[in-house]
Amino acid sequence: MGRFLMVGEDAIRDGECTDVYFRRVTDAMEKDGVNPEVTMEVTAGTLPDPWGVFCGLSDVVELLEGLPVDVDAMPEGSVFYPNEPVLRISGRYRDFAAYETAILGFLCHASGVASAAAHIRLAARGRPVYSFGSRRQHPAIAAMIERAAWIGGVDGVSNTCAPEGIPLAGTMPHTFVMCYPGTEEAWCAFARGAGPEVPRIMLADTFADEKVEAVRAAACGATAVRLDTPRSRRGDLRAIVEEVRWELDIHGYPDVQILLSGGLTREDVAAYHDIADAFGVGGAIANAPVVDFAMDIVEMEGRPHAKRGKRSGAKQVYEMPDGRRITLSLVVPPPEGGMPLLSRYIERGAVVARPNMDDARERVLSRLSSLAGEG
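Conventions used here
- Residues numbered from 1 in each chain as written.
- Predicted model: local features only at pLDDT ≥ 70, side-chain atom pairs only at ≥ 80, totals over all residues.
- Heavy atoms only, no water.
- Pairing = 2+ DSSP bridges.
- Helix = DSSP H or I, 4+ residues; strand = E, 2+ residues; numbered from the N terminus.
- Right-handed = clockwise from strand over helix to strand, strands pointing away.
- Patch = residues over 30% accessible without salt bridge, like charges linked within 9 Å, V, L, I, M, F, W, Y side chains within 5 Å.
- Areas by Shrake-Rupley, 256 points an atom, 1.4 Å probe, with all protein chains shown as cover.
- Salt bridge = Lys/Arg side-chain N within 4 Å of Asp/Glu carboxyl O.
- Lys, Arg positive; Asp, Glu negative; His and termini not counted.
- Charge placed at Lys NZ, Arg CZ, Asp CG, Glu CD.
- Buried < 20%, exposed > 50% of the residue type's maximum accessible area, 1.4 Å probe, protein only.
- Contact = heavy atoms within 4.5 Å.

Visitor: Looking at this structure, how should I read the pairing of strand E10 (residues 257-260)?
Guide: Side-chain positions along a regular strand alternate between the two faces of the sheet. The pairing of strand E9 (residues 224-227) with E10 spans four bridges and is parallel. Bridging from a neighbouring strand, Leu227 pairs with Leu260 of E10. Note that the unit made of E10, helix H12 (residues 266-272) and strand E11 (residues 278-281) has a crossover that is right-handed.

This is how it looks when you write it as C-alpha cells:
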C-alpha cells in the first residue's frame, strides 16, 4: 500500500486484488494437478431497471491481455437485459480464476454508473445533464466514474481527471462566493477572471432568496444561474424555480438559463425538466446501484456444465430486425436475420479489438429514444 489506501494497477494486473478463496482453491487445485478447460459467462439475473448499459469492458480487456484466454463480449454501450450473457471467457480455470474479483468489479460498477446516466438522460427529455458526482466516490476511480457517465449519455463531467475528449463542466462553489465581501463582488470577479470559453454560470442561493440573487447575478453578466439550495431549505422547488424564471424574464433576462443541482434524483430530473434548462447530477449517477453481475462456469472440457440455477452451455444473444432479443446456445443455428451481439475481443491472449469510448457513447445515444417506454 502507498500513502493512500488504494490498490495500485500492478496489484490488480497481477491478480493480487482478489477474494482470498480464489487463492486457497487454486493452491489446492495446483497440488492435485487440476486445471480444466472452462467457459464462464457474466450475467445479471436482476437489474435496478428493466434494462442496463454495459460498461467496463475496456478495463477487462486491459486486465486479461496476455493471458491464455478467449474473451467475447457485447460492445461497451450495449443495452442489455436480465439473464443475457454480456461477456464470456474461455481458458484453463487456474489461468484466470484470481481475476474474477477484478473483472466483476470493473463491470458491476461501471455498468451501474452508465446505466444510471442513461436513465437520467432519458428523464431530462433533451435537457443537458452533467456529471457532478465524482466527489461522492474515492478519487482513485474518478476517471472511471466520469468515463462511464459519459458513455451513459451525460453532456459533460466535472472532474479534471476525466479521460481526454470528455468535455468538462462546472460552475462555482458556495465557498468562492463566501470568500468575497459580497455576492456581486464574487460574481463580477468570476466574470472578469474566467477564461472566455467558460460559461458565466453564477451560483444564486448563497445568502439571499434565490430569485433575488438570480436577478443580481444576471446583472453581473450571468448567462445562467445555478440553484443548489439544500433540501432542508427548499420547500417547494418547483415554485422556487418558477419564481426565479418569472423574475429573470420580467427584469429583462429571458435568455439567462437555470441549472439545477444539489442532491438531484432521477425523479427530480423528470419532475423539473419542463422548467429547468439543465441539471448537474451528483450521487444519483456516481453512487448508482451497481449491476449485480455474476460469473459462472457454463462449460467444462467442451461440454455443457453449470451449477444449479444457471443455464449450461455457451450462448449468444441475437437482436432481431423487429427489436426482439433472443438468447440461444452456440450449438443452435442462429435465427434468420438475427444480429449476434457478442464478438471476440481477445484470442488466446492477443487483443483483436479494443473498446472505443466515443463509439460506446454513440451506441447508447442511438438507442435511447426507442427505450423511452421501457422504464
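Now that the structure has been shown, we can carry on.
Visitor: Looking at this model, I keep getting lost on a negative patch on the surface. Mind explaining?
Guide: Negative charge collects at one region of the surface, where Glu9, Asp10, Asp14, Glu16 and Asp59 lie side by side. As for its position among the elements, Glu9 is in helix H1 (residues 9-13).

Visitor: How should the pattern of salt bridges be read in this particular structure?
Guide: Side-chain pairing between opposite charges can occur once the charged atoms of the two side chains come close. Enumeration over the complete set of coordinates arrives at 26 salt bridges. The salt bridge involving Asp72 is made with Arg344; its shortest N-O contact spans 2.8 Å. Note that Asp72 is positioned in strand E3 (residues 69-73) and Arg344 in strand E17 (residues 343-347), a separation of 272 residues in sequence. On the basis of relative accessibility, which here comes to 31%, the residue Arg344 falls in the partly exposed class. Two residues, Arg238 and Asp274, come together in a salt bridge whose shortest N-O distance is 2.8 Å. Of the two residues, Arg238 is situated in helix H11 (residues 237-250) and Asp274 in the loop between H12 and E11; the sequence distance between them amounts to 36 residues. Of the residues examined, Asp274 reaches a relative accessible area of 44% and is grouped as partly exposed. In this structure, a network of salt bridges that share partners links the residues Asp70, Asp72, Arg88, Arg344 and Glu347.

Visitor: Explain the sheet that holds strand E16 (residues 339-340) to me, please; I cannot follow it from the model alone.
Guide: Backbone-to-backbone hydrogen bonds pair the strands of a sheet. The strands run either parallel or antiparallel. An order of E15-E14-E16 is seen for the three strands of this open sheet, with the pairing classed as antiparallel. A single partner strand is all that each edge strand has here, and the edge strands are strand E15 (325-329) and E16. Note that strand E14 (residues 315-319) and E15 share five bridges and pair antiparallel. The residue bridging Tyr318 from the neighbouring strand is Ile326, located in E15.

Visitor: Teacher, can you tell me more about the environment of Gln316 here?
Guide: Positionally, Gln316 belongs in strand E14. For Gln316, a relative accessible area of 6% corresponds to the buried category. Put simply, Gln316 and Ala118 are 198 residues apart on the chain and 24 Å apart in space, counted from C-alpha to C-alpha. When neighbours within four sequence positions are excluded, Gln316 is seen to be in contact with Ile326, Thr327, Leu328, Leu330, Pro340, Leu341 and Leu342.

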